[in-house]
Amino acid sequence: MIEHYGNVQAILKELQLALKRLRETGETHTIYIEKTGLTMEEQVEVMETLGRGSITINFTETDQPVEWYETQFSGIWLGTFRNARDEAIVYTVEVGRYPSLCGAFDEDIETAEDELQTWIDAAGL
């Protein structure tokens, strides 16, 4: 049982300020839960307080799959990164319109442009 909630409160305040920055400037923010200095009980308290919303994103085309879900607070996403043995290895809390790491990379967009052009050419459009 947690005796003092000061550390939990500090993380929640940090997230609240990050939401304000996101709204006002578009700046995103990421917290690596394991690097916060929170005890395991405090980490669980933060994650339980954030809860779970209705949007889930799964990235499975890798040896280290990731699942993000939007918490009950719009703009706050919880990410769980797993190793090849399906063990959770990193937890993140991201403040953003969507998790930044699940966005398309420039290289992937370039490949998509080329592939789309190939489809257009093949269809004679």
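It should be emphasised that the depicted structure is a prediction, and the values quoted were computed from it without experimental measurement. (Residues numbered from 1 in each chain as written. Predicted model: local features only at pLDDT ≥ 70, side-chain atom pairs only at ≥ 80, totals over all residues. Heavy atoms only, no water.)

**Here's the deal with the nonpolar core**
Grouped together as the largest cluster of nonpolar side chains are 16 residues, with contacts concentrated most on Ile 11, Leu 15, Val 46, Leu 50, Ile 76, Val 93 and Val 95. Looking at this core, the elements with two or more residues in it are α1 (6-25), α2 (40-50), β4 (76-82) and β5 (88-95). With five residues, the single largest contributor to this core is α1. Sequence-distant contacts of Leu 15, defined by excluding residues within four places in its chain, comprise Ile 31, Leu 50, Ile 76, Val 93 and Val 95. (Core = buried A, V, L, I, M, F, W, Y, C linked by side-chain atoms within 4.5 Å. Buried < 20%, exposed > 50% of the residue type's maximum accessible area, 1.4 Å probe, protein only. Helix = DSSP H or I, 4+ residues; strand = E, 2+ residues; numbered from the N terminus. Contact = heavy atoms within 4.5 Å.)

**Looking at the UniProt feature "domain: HupH hydrogenase expression protein C-terminal" (unreviewed entry) in the protein chain**
Residues annotated by UniProt as "domain: HupH hydrogenase expression protein C-terminal" (unreviewed entry) correspond here to residues 7-121. Helix makes up 40% of residues 7-121 and strand 24%, whereas the separation of the span's terminal C-alpha atoms amounts to 58 Å. (UniProt positions renumbered as here; feature names shortened; annotations may be inferred.)

**Here we look at the pairing of strand β3 (residues 66-70)**
Of all five residues in β3, four are buried; the element is thus mostly enclosed. Note that strand β2 (residues 56-59) and β3 share four bridges and pair antiparallel. Bridge pairing in β3 places Phe 59 opposite Val 66. Between β2 and β3, which follow one another and run antiparallel, lie six residues. Bridging between β3 and β4 involves five bridges; their strand directions are antiparallel. Opposite Tyr 69, over in β4, you have Leu 78 as the bridge partner. Linking β3 back to β4 in an antiparallel pair, the connection comprises five residues, with Gly 75 at a positive phi of about 95°. (Pairing = 2+ DSSP bridges.)

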